[in-house]
Amino acid sequence: MSLEFKQDWEETKDRYCAFWAHEYFGRCALAVTAPRDDVPDDPPPACPATPYDRWTDLDYAAAWNTWAMRRTFYGGEAFPIWTVGYPGHTAIPAFLGCPTELDFETGWWDPIVTGEGLTEVLELRLDRSGAWWQFTLQMLDRAVRESVGRCIPSIGAFGGCGDTLAALRGTDRLLYDVIDRPDEVVAAEEYLMEMWFEVYDAFYHIVHEVSEGSTCWFGFWSPGKTYAAQNDFSYMISPRMFRELFLPVIEGQTRFLDHTVYHVDGIGAFAHVPALCELPRLQAIQILPGAGKPSPLHYMETLKTVQRAGKALQISLEPEEVEPALAQLSARGLFITTWCRTESEARALLRNAERWSVADR
């Protein structure tokens, strides 16, 4: 079927299936957005007066999503996603009782695991009667209703290996824990990942039919269960420590999911790419240098390490960087995310990508 805001959705799904299978379909995967040529001349909905309402007013979320989607051209593998945003109020730390502060742009948690060790993590339980869990269920139900025939509802952004524990414990204290009590870190991570599976299944049950699979905060679609695995905490630890404490839990996450992309966020985390490339069930790796750093093309050896390992590679580039990227990288399994100033430029970029793409380099 087509979607109101993505007329070629059937063809797009086919290309995603080929991408996950590491098959070449005539060009690299390219998600390009731009303002539509016939963009409506209407103002955005008024933002609620308080940060809490900005993130929880579902009527506002519905109006904002519709306004944004009507104005956007979704080219290639880009597609419209319904979301309230991801400041942290629909994530596992909030479900476990972390005080969750919101402002108009983002949010943060206050730690609750304050004892000498980490054993109290194993006593934490999801509060299914809590306000944030109940809000998330209401939000997903609304997302599904709003998305039918129009767009794809996001399953959300509810935590990652290492990062949930860092939220519960506090990053500074967790840095001591990985040295002083590594066995407790592993036990806590295994426990929290089992909880993550439980949360994922609960949310997937709500969205999968309308999604025809799933998507998450990362913006990839899969005909099954997909999510962007991550461990931003790993920026601050050695490759050996990452392998010993966190990699086995991430591998378990890839076995649970049908399709996984790993979000390598920041050049300090690039040291973990070789270990990630060894995971047999990890299909794709994103290389994101981080704010203030050069283009991903500046780190070509890291990009080629991913491709040489037979993994798909995702990078975000300026539109003028697409041609030089395709001159150096295999288009097979390459996913480029970009944006253009106009719909016409985006359509031209898609056509040119077919000329520039080479299946294997």
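Our structure's up above, just so we're on the same page.
No experiment lies behind these values; they were computed from the predicted model shown. (Residues numbered from 1 in each chain as written. Predicted model: local features only at pLDDT ≥ 70, side-chain atom pairs only at ≥ 80, totals over all residues. Heavy atoms only, no water.)

Caption draft 1: Geometry of a nonpolar patch on the surface. Residues Tyr235, Met236 and Ile267 make up a contiguous nonpolar surface patch of roughly 260 Å² in combined accessible area. Tracing the backbone shows Met236 in the loop between strand S9 (226-230) and helix H9 (239-245). Of the residues examined, Met236 reaches a relative accessible area of 45% and is grouped as partly exposed. (Patch = residues over 30% accessible without salt bridge, like charges linked within 9 Å, V, L, I, M, F, W, Y side chains within 5 Å. Areas by Shrake-Rupley, 256 points an atom, 1.4 Å probe, with all protein chains shown as cover. Salt bridge = Lys/Arg side-chain N within 4 Å of Asp/Glu carboxyl O. Helix = DSSP H or I, 4+ residues; strand = E, 2+ residues; numbered from the N terminus. Buried < 20%, exposed > 50% of the residue type's maximum accessible area, 1.4 Å probe, protein only.)

Caption draft 2: A look at the environment of His22. Along the chain, the position of His22 falls in the loop between helix H1 (9-20) and strand S1 (29-35). The exposure class of His22 is partly exposed, given its relative accessible area of 26%. Taking the C-alpha atoms as reference points, His22 and Val207, separated by 185 residues in sequence, lie 26 Å from one another. If we ignore the near neighbours within four places in the chain, the residues touching His22 are Gly310, Lys311, Ala312, Arg332 and Gly333. (Contact = heavy atoms within 4.5 Å.)

Caption draft 3: Spotlight on the pairing of strand S12 (residues 312-316). Among the 5 residues in S12, 4 count as buried, and that is most of the element. For strand S11 (residues 284-288) and S12, the ladder comprises 3 bridges, and the chain directions are parallel. Paired with Gln286 across the strands is Gln314, a residue of S12. Note that the unit made of S11, helix H12 (residues 300-308) and S12 has a crossover that is right-handed. One crossover worth recording links S12 to the parallel strand S13 (residues 334-339) by way of helix H13 (residues 322-328), and it is right-handed. (Pairing = 2+ DSSP bridges. Right-handed = clockwise from strand over helix to strand, strands pointing away.)

Caption draft 4: Quick peek at the nonpolar core. One finds Phe158, Trp196, Ile287 and Ile315 to be the most contacted residues of the largest nonpolar core, which totals 122 residues. Here Ile287 is in contact with Val264, Phe270, Val273, Pro296, Thr302, Leu303, Val306, Leu313, Gln314 and Ile315, once residues within four sequence places are set aside. (Core = buried A, V, L, I, M, F, W, Y, C linked by side-chain atoms within 4.5 Å.)

Caption draft 5: Spatial organisation of H12. Looking at H12, one finds that the buried residues are Met300, Thr302, Leu303, Val306 and Gln307. Down the axis, H12 shows its buried residues gathered within 165° of arc, on one side only. Away from its buried face by more than 90 degrees, H12 exposes Glu301 and Arg308. On its buried face, H12 sits against helix H11 (273-277), S11, S12, H13 and S13. Downstream of H12 by a residue or two, Gly310 has a phi angle that is positive, lying close to 80°. (Arc of directions from axis to C-beta.)

Caption draft 6: Structural context of the sheet that holds S1. The strand order across the open sheet built from 7 strands is S2-S1-S13-S12-S11-S10-S9, with neighbouring strands paired in mixed fashion. Of all strands in the sheet, those with a lone pairing partner are strand S2 (72-76) and S9, marking the two edges. Here the average twist between neighbouring strands, direction ignored, is 20°. Where strand S10 (residues 259-265) lies against S11, 5 bridges are found, and the strand directions are parallel. The residue of S11 that forms the bridge with His263 is Gln286. The sheet contacts of helix H14 (residues 343-356) involve S1, S2 and S13, and relative to S1 the element is tilted by about 165°. (Axes fitted to C-alpha atoms, helices over the stretch in contact; angles between N-to-C directions.)

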